[in-house]
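# Results of the structural survey
Below, each chain spelled out in residue letters.
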Amino acid sequence: MPFTFKQFHIDDSHCGMPVSTDGVILGAWAALPDTQKIPAAQLLDIGTGSGLLSLMLAQRMNNQDCKISAVELEDGAAVDCQQNFSQSPWSEQLSLHHMSIQQFLLEHQQKRCALFDTIICNPPYFEHGPQSDSSQRATARHTNQLSFKTLLNHIQQLMTPSGQASLIIPQQSEAGFMQALDDTQLSLSKRTSIRTVENKSPSRILLQLNHQASSHRLFHSDLIIADKQGQYTPEMSQLCRDFYLKL
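For every chain, the first residue of its written sequence is number 1, and the numbers climb from 1 along that sequence. In keeping with the model being predicted, local features are shown solely for residues with a pLDDT of at least 70 and side-chain atom pairs are shown and tallied solely at 80 or more, while totals for entire chains, interfaces and linings include all residues. To obtain the side-chain values, all non-hydrogen atoms of the structure were used and water was disregarded.

### A closer look at the sheet that holds strand β3 (residues 41–46)
To be explicit about the condition: Two strands pair if DSSP finds at least two bridges between them. Starting at the N terminus, helices and strands are each numbered in turn, a helix being any DSSP run of H or I of at least four residues and a strand any DSSP run of E of at least two. Note on geometry: axes are lines fitted to C-alpha atoms, helical ones only across the stretch in contact, with angles between N-to-C directions running from 0 to 180 degrees. Note on contacts: a residue pair qualifies if any of its non-hydrogen atoms lie within 4.5 Å across the two residues.
Within the open sheet, the eight strands sit side by side as β5-β4-β3-β6-β7-β9-β8-β10. Their pairing is mixed. Bordering the open sheet on either side are β5 (94–98) and β10 (219–226), each of which pairs with just one other strand. The average angle at which neighbouring strand axes cross in this sheet is 15 degrees, direction not considered. The pairing of β3 with strand β6 (residues 116–121) spans four bridges and is parallel. Looking across to β6, one finds that L43 is bridged to T118. Strands in contact with helix α1 (residues 21–29) are β6, β7 (159–170), β8 (186–197), β9 (204–211) and β10; relative to β9, the strand with the most contacts, it is inclined by about 35 degrees. This element, helix α2 (residues 52–61), spans β3, β4 (66–72), β5 and β6 of the sheet and lies at about 170 degrees to β4.

So this is what it looks like as structure tokens:
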């Protein structure tokens with residue numbers, strides 16, 4: 001259903017996966033390029049869906065000189081995304097590529113385009129289990145067309161040597177993700193566990209990736225979404241206050 005944020009509006013009526021707390025947290029948490037060192041940054045959103053993450057990045061970049069490319073395979077989601085981009089304050093900085101990430105990489109390499117300083121992705125993550133009768137929802141949620149191995153390989157090829165990639169996955173998918181990560185030249189630099197409430201086990205994991213370097217330090221942290229009374233924690237409010245209307 002339509003969802004209004006402080007600076008933009010999202011219509012996700014044709015998307016396999018609607019706007020979610022996962023997406024908002026990722027968009028607010030993700031690493032941004034250092035505009036002092038990179039004056040004309042290139043950002044990439046893999047599997048953009050309704051365009052939520054691209055729009056959040058555009059807002060956070062605060063009209064800095066940057067270009068945000070969004071890749072989306074599914075037809076209905078691409079329709080919603082293009083409309084959301086066109087109606088946003090940053091339409092000139094946003095471009096939608098209606099294709100698979102595999103086709104995007106091929107065309108990108110053939111055209112010898114610049115690599116990306118920041119990559120963001122809320123990927124399909126279920127490798128097993130029942131799938132939705134809706135092909136749109138199944139594509140958005142399951143790894144049939146985009147496995148972790150394929151995703152990480154494409155991130156590795158599309159990201160600049162000093163670039164950063166940010167993703168969110170379910171806690172139960174972390175082992176499989178890390179196994180796929182071991183087969184790349186990427187490394188984990190930041191990991192944040194997400195708990196829906198303070199007395200529950202982590203349900204989601206935020207991950208920040210870089211190209212492997214000789215010196216490497218991994219930063220761990222935790223984020224609790226709500227307290228026992230169901231109210232957003234101060235950390236959650238601080239993270240998302242620029243986006244949610246009621247914060």
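### Remarks on the environment of L239
Along the chain, L239 turns up in helix α8 (residues 234–240). In the structure, L239 is positioned 211 residues away from A28 in sequence and 6.2 Å away in space, judged by C-alpha atoms.

### With respect to the pairing of β8
Bridge count between β8 and β9: eight bridges; the pairing is antiparallel. By the bridge assignment, L188 is partnered in β9 with L209. Between β8 and the antiparallel strand that follows it, β9, lie six residues. Where β8 and β10 come together, seven bridges link them in parallel fashion. Residue pairing for β10: I194 is matched across the bridge by L223.

### Here we look at the pattern of salt bridges
Quick reminder of the rule: By convention in these notes, a salt bridge is any Lys or Arg side-chain nitrogen within 4 Å of a carboxyl oxygen on Asp or Glu. Each residue gets one of three labels from its accessible area relative to the maximum for its type: buried under 20%, exposed over 50%, partly exposed in between, using a 1.4 Å probe on protein chains only.
In this structure the tally under the stated criterion is two salt bridges. The salt bridge partner of R204 is D22, with a shortest N-O separation of 2.6 Å. You can see R204 sitting in strand β9 and its partner D22 sitting in helix α1, a full 182 residues away along the chain. For the pair R204 and D22, one class covers both residues: buried.

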